[in-house]
Amino acid sequence: MPRKNPNKGKDPWLPDPEFEALFSGRSGNDVNGLGETDERKPTHIFWLQKSHTGPFGDVQDAVVERHNSVPELDEVYRTAQRGPRLREPAAEKTQKSAAEFTDEIRNFALGHEADQVGFANIDPLWVYEGFEQELPRVVMMVVAMDHERSQHLPPTHEHPDWAHEVAVQYNRGARAAAYTAEHIRSLGYQAKPHAGPWVGTLNLIPAAIAAGLGELGKHGSMINREFGSSFRLAAVETDLPLESNSPDLFGADDFCTRCQICTNACPPQAISIEKQTVRGVDKWYVDFNKCIGYFNETYGCAICLAVCPWSTPGRAEGMAEKYTRVFLKDR
Ligand code: SF4
Ligand code: SF4
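Reading the values: the criteria
Residues numbered from 1 in each chain as written. Chains lettered and ligands numbered in written order. Predicted model: local features only at pLDDT ≥ 70, side-chain atom pairs only at ≥ 80, totals over all residues. Buried ≥ 20, exposed ≤ 12 C-beta atoms within 10 Å, placed from the backbone. Helix = DSSP H or I, 4+ residues; strand = E, 2+ residues; numbered from the N terminus. Contact = placed C-beta atoms within 7 Å. Near = placed C-beta within 6 Å. Nonpolar A, V, L, I, M, F, W, Y, C, P; charged D, E, K, R; others polar. Expected span 1.5 Å × (residues − 1). Arc of directions from axis to C-beta. Pairing = 2+ DSSP bridges. Axes fitted to C-alpha atoms, helices over the stretch in contact; angles between N-to-C directions.

### A look at helix α12 (residues 316-328)
No. 1: For α12, the full list of buried residues reads A316, M319, A320 and Y323.
No. 2: The secondary structure elements touched by the buried residues of α12 are α8 (252-258).

### Observations regarding the site of ligand 1
No. 1: Residues in close proximity to ligand 1 total 13 residues, the closest being C266, C291, C301, I303 and C304.
No. 2: Where the shell around ligand 1 is concerned, the elements lending two or more residues are α10 (288-297) and α11 (303-307).
No. 3: Here the element with the most residues in the shell around ligand 1 is α10; it accounts for three residues.
No. 4: Within the shell around ligand 1, the residues separate by chemical class into twelve nonpolar, one polar and no charged.

### Re helix α5 (residues 98-110)
No. 1: Given a rise of 1.5 Å per residue, 13 residues ought to cover 18 Å, and the 18 Å separating the end C-alpha atoms of α5 matches this to within 8%.
No. 2: Here α5 has its buried residues at F101, T102, I105 and A109. In an axial view of α5, the angular spread of the buried residues amounts to 105 degrees, which keeps them on one side of the axis. For α5, exposure combined with an orientation more than 90 degrees from the buried face picks out A99 and N107.

### Some words on the sheet that holds strand β6 (residues 231-238)
No. 1: Taken in spatial order, the four strands make up an open sheet running β1-β2-β6-β3, and their pairing is antiparallel. Unpaired on one side and paired on the other, β1 (116-121) and β3 (191-195) mark the two borders of the sheet. Strand-to-strand twist across the sheet, computed as the mean angle between neighbouring axes with direction ignored, equals 20 degrees.
No. 2: Two elements, β1 and strand β2 (residues 137-144), share six bridges in a ladder whose sense is antiparallel. Note on β2: the bridge partner recorded for V117 is M141.
No. 3: With respect to the sheet, helix α6 (residues 161-186) is in contact with β2, β3 and β6, its orientation differing from that of β6 by roughly 20 degrees.

### Points about unusual backbone geometry
No. 1: The linkage connecting L153 with the following residue, P154, adopts the cis geometry, with an omega of 0 degrees.
No. 2: Among the structural elements, P154 can be located in the loop between β2 and α6.
No. 3: Put simply, G196 and P197 share a cis peptide bond, and its omega is 10 degrees.
No. 4: Among the secondary structure elements, P197 is positioned in the loop between β3 and α7 (204-210).
No. 5: Look at Q269: it is not a glycine, yet its phi comes out positive at around 55 degrees.
No. 6: Residue class for Q269 comes out buried when judged on the 20 C-beta atoms lying within 10 Å of it.

If you want it as structure tokens, here you go:
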């Protein structure tokens, strides 16, 4: 039975017409494959890298320019320490079992700023259109965010705390990924790090779900059993032999079908109450065209992440225990 839309009849926040005009009638939802019933690789909208010149390059430039107009945000990326410059892999490969390498890499990453680590075999459907899969496996890392810094949401020019925290944690994820990649290369294997805010060649969310780091939430971001949605991802693609994890199911998806907190809280009403078909998969999906204007105006918004009950510090683990029992006991 379809659920009642809690925003029905309410006026959504509307974007600045000048910003909207940058889209020239193009739809980010079309690029994302909303409504497509066949599986396919994802397509970049933007954030591929700073010099991106794709069809949404002018939208990306506007977002970056606005973000960098806040001195603290400009500085935190410009002066960031994001890890070592990578050397070529060692000439000789260290020989160990996949189980031994898995333990070694997990401990190494946890000792180099990652808060959680998981492993997955890469599905070619996670690689963005225009790129080929280069390596067979991925080390996925979670870096937690300081939820206390979400007091002033959405971020403003005067109170950009959350946007600053995003940058700080992306930089931490970049260091965790770079040092881990450097270590893997010292063992004689290939390693390619990924860290935000720029998207690389691999879609990190399905990789992180496969690596057991959380479930997809209605707000289109992940929910982790310890940090809720207050975290960022980083990754290292590699050919090092590793043991894969399984997805971690703890009832978050079922909880989302009964919860509408983020849908209610989203000013442009971008969060659908029902799953939608995106590139052949039924899943939670946020309307890109509606979100991006508010996201731009507010230096990254994040209201949906902060209001999610799983994100309240100290709450997710108890919820995971309870909703595993409630929703998953018979599966
Ligand atoms: S980031 Fe803001 S605008 Fe975008 S979906 Fe979340 S609450 Fe809505
Ligand atoms: S606020 Fe509710 S519906 Fe939205 S992601 Fe969190 S649990 Fe799911």
